[in-house]
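Inside the fold
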Amino acid sequence: MDPINSIANWLEGLFTGWGLAPWLVNLILTGLGIVVLSTVALIVAIVCVWIERKVVARFQDRLGPNRLGPFGLVQPFADILKLLLKEDITPTGVDKIPYNISPIIALATVLILWGIIPLTPTVLGSDINVGVLFIVAMGAISTLGIIMAGWACNNKYALLGAFRMVAQMVSYEVPMVIALMIPVILASSMGIHQIVESQSVWYIFVVPLAALIFLISSQAELGRGPFDLAEAESEIVAGFHIEYSGMKFGMFYAGELLHAFTVGALFASLFLGGWSGPFVEQVPMLGVVYLFTKALFIYWVIMWIKYSLPRLRIDHMLSFNWKFLTPLALALLMVVALTHKLLSNTDPWVYVLSMLVANIAVGWIALSLARRRAIIERKKFEENRALARPAESAAAAPTS
Amino acid sequence: MTAVQIIFLLVAAATLGAGLLVVTAHNLIHAALWLVVSLFGIAVLYVLLNAGFLAVAQVVIYIGAIAILVIFAIMLTRKVAADSGPQTNSNWGWGAALAAALFGALFWIFQGWPGINTALQPLSESQDTVVQLGQALLAPDEYLLVFEVASVLLLAALIGSIMIARVRKDS
């Protein structure tokens, strides 16, 4: 028995002993669970601020926060105090209600995702049978929050940023949904809990290409570099949250950082076995440690990509999605579904190895097609390049 | 009254109220945002009916795609986002009469339907509605033909939009 369920059972016995009705006990316990889970997630967000600043500093050959407390650990709390004490400015001409709702939506759609991530074999918020689609649905609502923020601000740059962000999120949702379908096929369930439980072999070794597509499209959903055109400083200042100050900006910021960590946790649950690891059957609370370690690793990979790659141009970003990623994801979905149907009754090792080979083959074919296309495009460009060339006679003149 | 009934009444009232505001709001963007609230209310009603898949699909398709598209269309259309002009045109009486007739007809049909008064049976834990829905959609003796026809219709719409948006090389 893990401590969280023991506490829940003890509280349930206590409340029932007081003579409360069962539905009221259930309501109180659910409410408590929501408060505890979102508090933990928000504390994780505070830690994420420190991790993000430290890691980006290392990628840029700096030290990062190092003055307040050991290793600058108190710095995020100072940041929060500063954000709380800042004057809350509401610019003229804003649309009040959407302006104030959108930071809440930005943070809430991320927090709510923690409700379906299984933390240990026994502790999870809600085991809904459409968990994978729920992730997509929350992404859809966060898109709405961004467009509301961009429009309500009465600022052209904010609107442009929101347009870019929404175009990006709506487009990259497509390969993301298709990539999410692949673990669903392998586990024969849309519930995250069942997907974690059925990973006797981590899905990243079975379908590495699907994991890669999911990572790329989540990076775009997060609006992190190289897909950070929504907040391209040199073009549109800060994007959709340009007019927000104080804690309202803080909510966008915390939402973004927590979203990156949440994507790490989702990736870990879908492809890296979630809470599974040694001794997790005996000590269920170890599952949290494993899940958070895997999630932090993916979070680090996301930062690694963000701080290493330059920003894409918007047409490149869109054509990469529609002309490469989406067809690739569709082809992979068909190949995986066929392989799964043909080989699901064979030896597990044969099954895993053929899945792996099929994935690598699809990826290799896609890359070689893209390479051939790139050679053709480059040749076309080189032929028509407007270069100043010396005229034939002029070049010949000095030698004579 | 059980808790579910209270939630149902609240959500239904919110959905209808938001629906009313969609047609009465002066600002078109506000109307679109109220439409989102109304669609979300429908999703909550699906959850109350234990139809989780339909609820999530409602959010993904109607809020994530259609509402966003509506908002984009309003923003890209010149000057309609400003608060101006009358709320109704000369045909509002016909519209109201049609809506009332539609409501009356639906009300009459549901009055005669025996299912309206039967209490809902709770689903057992072992029933996976998603699996049943998937099998029903793809079974040849159930809804496979309808499903495929709907897919072809969507494909035709997709190709049509590409044809309209295509840049012709010769012109």
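The written sequence of each chain sets the order in which its residues are numbered from 1. All chains are assigned letters beginning at A, and all ligands numbers beginning at 1, according to the order in which they are written. Given that the model is predicted, a residue must reach a pLDDT of at least 70 before its local features are reported, and side-chain atom pairs must reach 80 or more before they are shown or counted; all residues, however, enter totals for whole chains, interfaces and linings.

Our next topic: the overall build of chain B. Strands here mean DSSP runs of E at least two residues long; helices mean DSSP runs of H or I at least four residues long; both are numbered from the N terminus. A count of helices and strands for chain B gives six helices and zero strands. Taken from the N to the C terminus, the helices and strands of chain B come in the order α-α-α-α-α-α. The C-alpha extent of chain B, read off along each of the three principal axes, is 60 × 40 × 25 Å. Each residue is classed by its C-beta neighbour count within 10 Å, where at least 20 other C-beta atoms makes it buried, 12 or fewer makes it exposed, and intermediate counts make it partly exposed; the C-beta atoms are placed from backbone geometry. Burial analysis of chain B (171 residues in total) assigns 13% to the buried set.

Moving on, we come to the overall build of chain A. Each helix and strand counted, chain A has 15 helices and zero strands in total. For chain A, the C-alpha atoms occupy an extent of roughly 110 × 65 × 40 Å along the three principal directions. Taken over 400 residues, chain A has a buried fraction of 41%. The contact criterion used is a C-beta to C-beta distance within 7 Å, with each C-beta placed from the backbone. In chain A, once contacts between residues fewer than 6 apart in sequence are set aside, the share between residues at least 24 apart is 77%.

We now examine the domain arrangement of chain B. For the domains described, the bounds stem from an automatic or database domain assignment. Assigned domains within chain B: domain 1 (1-81) and domain 2 (129-171). Between the C-alpha centres of domain 1 of chain B and domain 2 of chain B there is a distance of 25 Å.

Interface size is commonly expressed as the accessible surface area that is lost when the partners come together. Chain B puts 17 residues into the contact, and the matching count from chain A is 18 residues. Tallying contributions element by element places helix α3 (residues 52-76) of chain B first for the side of chain B that touches chain A, with 11 residues. Residue polarity follows a fixed list, in which Ala, Val, Leu, Ile, Met, Phe, Trp, Tyr, Cys and Pro are nonpolar, Asp, Glu, Lys and Arg are charged, and the others, Gly among them, are polar. Among the residues making up the side of chain B that touches chain A, the classes are represented as 14 nonpolar, two polar and one charged.

Once that is clear, we can look at the confidence of the model for chain A. A score between 0 and 100, pLDDT records how confident the predictor is in each residue. Summing up the model confidence of chain A, the mean pLDDT is 84 and the portion of residues at 70 or higher is 96%. Confidence, read as mean pLDDT per element, is least for helix α15 (residues 392-396) of chain A in chain A (58) and greatest for helix α9 (residues 208-222) of chain A (90).

Residues and elements named next belong to chain A. One non-glycine residue, Asp61, lies in the positive phi region at around 60 degrees. Among the residues examined, Asp61 registers 6 C-beta atoms within 10 Å and is labelled exposed. Positive phi values are uncommon outside glycine, yet Phe71 reaches one of about 55 degrees. Tracing the sequence through the fold places Phe71 in the loop between α2 (22-59) and α3 (75-85). On the neighbour-count criterion, Phe71 (13 C-beta atoms within 10 Å) is partly exposed.

What follows deals with the nonpolar core. Only buried residues count toward a nonpolar core: Ala, Val, Leu, Ile, Met, Phe, Trp, Tyr and Cys, linked into one set through C-beta atoms within 7 Å. Core analysis: the largest hydrophobic core is formed by 127 residues, its most contacted members being Ala162(A), Val207(A), Phe267(A) and Ala67(B). Tallying contributions element by element places helix α6 (residues 156-187) of chain A first for this core, with 16 residues. Aside from chain neighbours lying at most four places away, what touches Phe267(A) is Phe214(A), Leu215(A), Leu272(A) and Ile298(A).

Position of Ile216(A) relative to the elements: it lies in helix α9. Distance from Ile216(A) to Glu87(A), taken between C-alpha atoms, is 37 Å for residues 129 residues apart in sequence.

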